[in-house]
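The lines below spell out each chain.
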Amino acid sequence: MLRRLVLAAAQNRSIERALTHAAPTRAVVDRFVAGRTVDDALRVAGNLVADGLLVSLDRLGEQVHDADQARVTAQAYRELAQAIAAAGLASSVEISLKLSSLGQGLSDGDHDLSVELAREVCAAAKEAGTTVTVDMEDHTTTDATLAAVSTLRADFPDVGCVIQAYLRRSLQDCRTLAEAGARVRLCKGAYREPASVAFTDRHEVDRNFVRCLRVLMRGNGYPMVATHDPRLIAIASVMAVQAGRAKDRYEFQMLYGVRPDEQRRLRARGERVRVYVPYGSEWYPYLVRRLAERPANMLFFARALGGRK
Ligand SMILES: Cc1cc2nc3c(=O)[nH]c(=O)nc-3n(C[C@H](O)[C@H](O)[C@H](O)COP(=O)(O)OP(=O)(O)OC[C@H]3O[C@@H](n4cnc5c(N)ncnc54)[C@H](O)[C@@H]3O)c2cc1C
């Protein structure tokens, strides 16, 4: 019930305005979102890097409805790559890219425009000395996104992709990607998906996560274990040892503001830990999704809305 209310608030622009300007809620926003601008994002990234962490920057932009907007977004990503290099952070900070933000599905002659634009972003990232990971969105885009990554990897072999453990197809996708030696971020999955394509029981999702992880750890690629789940983190550490992987041949990934103590604890143990840092003008729906993931966060949110700490 509370979760439904919070998710409904994601659509509400007056709550967004109140959250942006009220002092008590500023702290809530700042915990999960780096700020609106590239400078904000690089300041937060620089602090995380100084703590020994790696970063993936997630640009929260406007929805893209036509080719012109998609080209403007691609230009913003190219500038982001240059800014990462100018800040001297290219060896520790990469870019997370959503193909929907580059107009996935819009065609440009015979081509999917998003693939052409993603190629330009990957080239800019390479020039800057950093890498790109392509986020995974809802299941209707999985085939197109994996095909895009496969195309991009021909020229940019270090382009990463994401596999969602809740999808029934994912074990087979992991086998293909592990064989190909790809960088693969494994996460549970964040979209509301039908039972025809996804496991809906969380224990089944966890079991599939473990099956996928085993394939990735034993494979030729670079596994990126994206979860805050203590049991899965412990299992991943054991599997890495069993697979004979040195600590620089896989990494953990977590969201900015979620379990920051655990991020540093893993780092102190010698693990590579990458923090996914969102920034940009469209931060509000992202923030509400994070808050809705945990009852404790929702209470924090509800109290902040009421003007109390
Ligand atoms: C780096 C990164 C990139 C991602 N990229 C994508 C993507 O491209 N596509 C996609 O669909 N999804 C993506 N996700 C989101 C992901 O699919 C999940 O929705 C999200 O990470 C929550 O899943 P979880 O594995 O943490 O498990 P959950 O089941 O949500 O949480 C498991 C446990 O983690 C602990 N925990 C979780 N949150 C907190 C918290 N706030 N404070 C303290 N403990 C907590 C608790 O013990 C909880 O029981 C990404 C996630 C990460 C971390």
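Anything mentioned here points back to the structure above.
One structure accompanies this document, and this report is about it. Model, not experiment: these values are computed from the prediction. (Residues numbered from 1 in each chain as written. Predicted model: local features only at pLDDT ≥ 70, side-chain atom pairs only at ≥ 80, totals over all residues.)

## Remarks on the overall build of the protein chain
So the rule is basically this: Helix and strand definitions here come from DSSP, where helices need a minimum of 4 consecutive H or I residues and strands a minimum of 2 consecutive E residues; each element is numbered from the N-terminal end. Field definition: a residue is buried when 20 or more other C-beta atoms are found within 10 Å of its C-beta, exposed when 12 or fewer are, and partly exposed for counts in between, with C-beta atoms placed from the backbone. Working definition of a contact: two residues with C-beta atoms, positioned from the backbone, lying within 7 Å.
Each helix and strand in the protein chain was counted, giving 13 helices and 10 strands. Looking at the protein chain as a whole, 39% of its 309 residues are labelled buried. At a minimum sequence separation of 6, the contacts of the protein chain that also span at least 24 residues come to 71%.

## Topic: helix H7 (residues 142-155)
Worth spelling out the cut-off: One fewer than the residue count of a helix, multiplied by 1.5 Å, yields its expected span. Relevant arc is that of directions from the helix axis to the C-beta atoms, nothing else.
In this model H7 runs 21 Å from its N-terminal to its C-terminal C-alpha over 14 residues, within 8% of the 20 Å that 1.5 Å per residue would give. Among all positions in H7, only Thr145, Leu146, Ala148, Val149 and Leu152 are buried. On an axial view of H7, the arc spanned by its buried residues comes to 155°, and they lie on one face. For H7, the exposed residues set more than 90 degrees away from the buried face come down to Asp143, Ala147 and Ala154. Structurally, H7 contributes buried residues whose contacts are with helix H6 (113-128), strand E5 (132-134), strand E6 (160-164) and helix H8 (170-180).

## With respect to the site of the ligand
Using the following cut-off: Here, nearness is defined through the C-beta atom: a residue counts as near a molecule or strand if that backbone-placed atom lies within 6 Å of it. Basically, the charged four are Asp, Glu, Lys and Arg, the nonpolar ten are Ala, Val, Leu, Ile, Met, Phe, Trp, Tyr, Cys and Pro, and anything else, Gly included, counts as polar. Segmentation into domains, and thus their bounds, comes from an automatic or database assignment.
Taken together, 24 residues surround the ligand, and among them Asp135, Cys187, Ala190, Thr227 and His228 come closest. Of all the secondary-structure elements, those providing two or more residues to the shell around the ligand are E6, strand E7 (183-187) and strand E9 (251-255). Among the elements that line the shell around the ligand, the one with the most residues is E9, at three residues. In the shell around the ligand, the residues fall into 11 nonpolar, six polar and seven charged. Composition of the shell around the ligand by domain shows at least three residues from each of domain 1 (1-33 + 283-309) and domain 2 (38-281).

## Regarding the pairing of strand E1 (residues 54-59)
What counts is decided by this rule: Two strands make a pair as long as DSSP finds a minimum of two bridges between them. Call a crossover right-handed when, viewed with both strands pointing away from you, the route from the first strand across the helix to the second goes clockwise.
With six of six residues buried, E1 lies mostly within the body of the structure. Alternating residues of E1 divide into Leu54, Ser56 and Asp58 and Val55, Leu57 and Arg59, and every residue in both groups is buried. Two elements, E1 and strand E10 (residues 273-279), share six bridges in a ladder whose sense is parallel. In the sheet register, Leu57 faces E10, and the bridge partner there is Val277. Bridge analysis of E1 against strand E2 (residues 93-97) gives four bridges, and the strand direction is parallel. Counted as the bridge partner of Val55 is Val93 from E2. Chirality of the crossover, the property in question, places the unit of E1, helix H5 (residues 67-86) and E2 among those that are right-handed.

## Points about the nonpolar core
As a reminder of what qualifies: In this usage, the nonpolar core is the set of buried Ala, Val, Leu, Ile, Met, Phe, Trp, Tyr and Cys residues whose C-beta atoms join them within 7 Å.
The biggest cluster of nonpolar side chains holds 81 residues, and the ones touching the most others in it are Ala45, Val121, Leu186 and Val277. Top contributing element to this core by residue count: H6, with eight residues. Structurally, this core is a two-domain feature, drawing no fewer than three residues from each of domain 1 (1-33 + 283-309) and domain 2 (38-281). Among all residues touching Val121, those that are not within four sequence positions of it are Ala74, Tyr77, Arg78, Leu97 and Val132.

## Quick notes on the pairing of E2
Remark: a regular strand shows side chains that alternate across the two faces of the sheet. E2 sits mainly inside the fold: five of its five residues count as buried. Sheet topology places E2 next to E5; three bridges connect them, and they run parallel. Bridge pairing in E5 links Ser96 to Thr133.

## Describing the packing of H6 against H7
For the record, the criterion: Angles run from 0 to 180 degrees between N-to-C directions of axes, and those axes are lines fitted to C-alpha atoms, restricted for helices to the stretch in contact. Here is the rule for angles: anything less than 35 degrees is roughly parallel, anything more than 145 is roughly antiparallel, 65 through 115 is roughly perpendicular, and the remaining ranges are oblique. Left-handed is the label given to a crossing in which the near helix is rotated counterclockwise from the far helix by less than a right angle, and right-handed is the label when the rotation is clockwise.
It is at 10 Å that the axes of H6 and H7 come closest, and there the two elements cross at 40°. Between H6 and H7, the crossing angle belongs to the class labelled oblique. Relative to H7, the crossing made by H6 is right-handed. For the pair H6 and H7, contact is made by Ser114, Val115, Ala118, Arg119 and Cys122 and by Ala148, Thr151 and Leu152, respectively.

## Considerations on the environment of Lys126
The residue Lys126 is located in helix H6 in this model. Sequence-wise, Lys126 and Ala81 are 45 residues apart; in three dimensions their C-alpha atoms are separated by 8.6 Å.

## Side note on the sheet that holds E1
Taking strand neighbours around the barrel as the criterion, the eight strands line up as E1-E2-E5-E6-E7-E8-E9-E10 in a closed arrangement whose pairing is parallel. Between one strand axis and the next, the sheet turns by 30° as a mean value, whatever way the strands run. Across the sheet, helix H4 (residues 38-50) touches E1, E2 and E10, and the angle it forms with E10 is around 165°.

## Some remarks on the environment of Leu113
In this structure, Leu113 sits in helix H6. Sequence spacing of Leu113 and Ala70 is 43 residues, and the spatial spacing of their C-alpha atoms is 8.3 Å.

## Describing H8
An α-helical turn contains 3.6 residues, so a residue and the one three or four places further along point in the same direction. Taken as a whole, H8 has its buried residues at Ser170, Asp173, Cys174, Leu177 and Ala178. Each buried residue of H8 lies within a common arc of 130° when the element is viewed along its axis, so the set occupies one face. Along H8, exposed side chains directed more than 90 degrees from the buried face belong to Gln172 and Glu179. Buried residues belonging to H8 abut H7, E6, E7 and helix H9 (202-218). Where H8 ends, the next residue or the one after it, Gly181, has phi of about 75°, a positive value.

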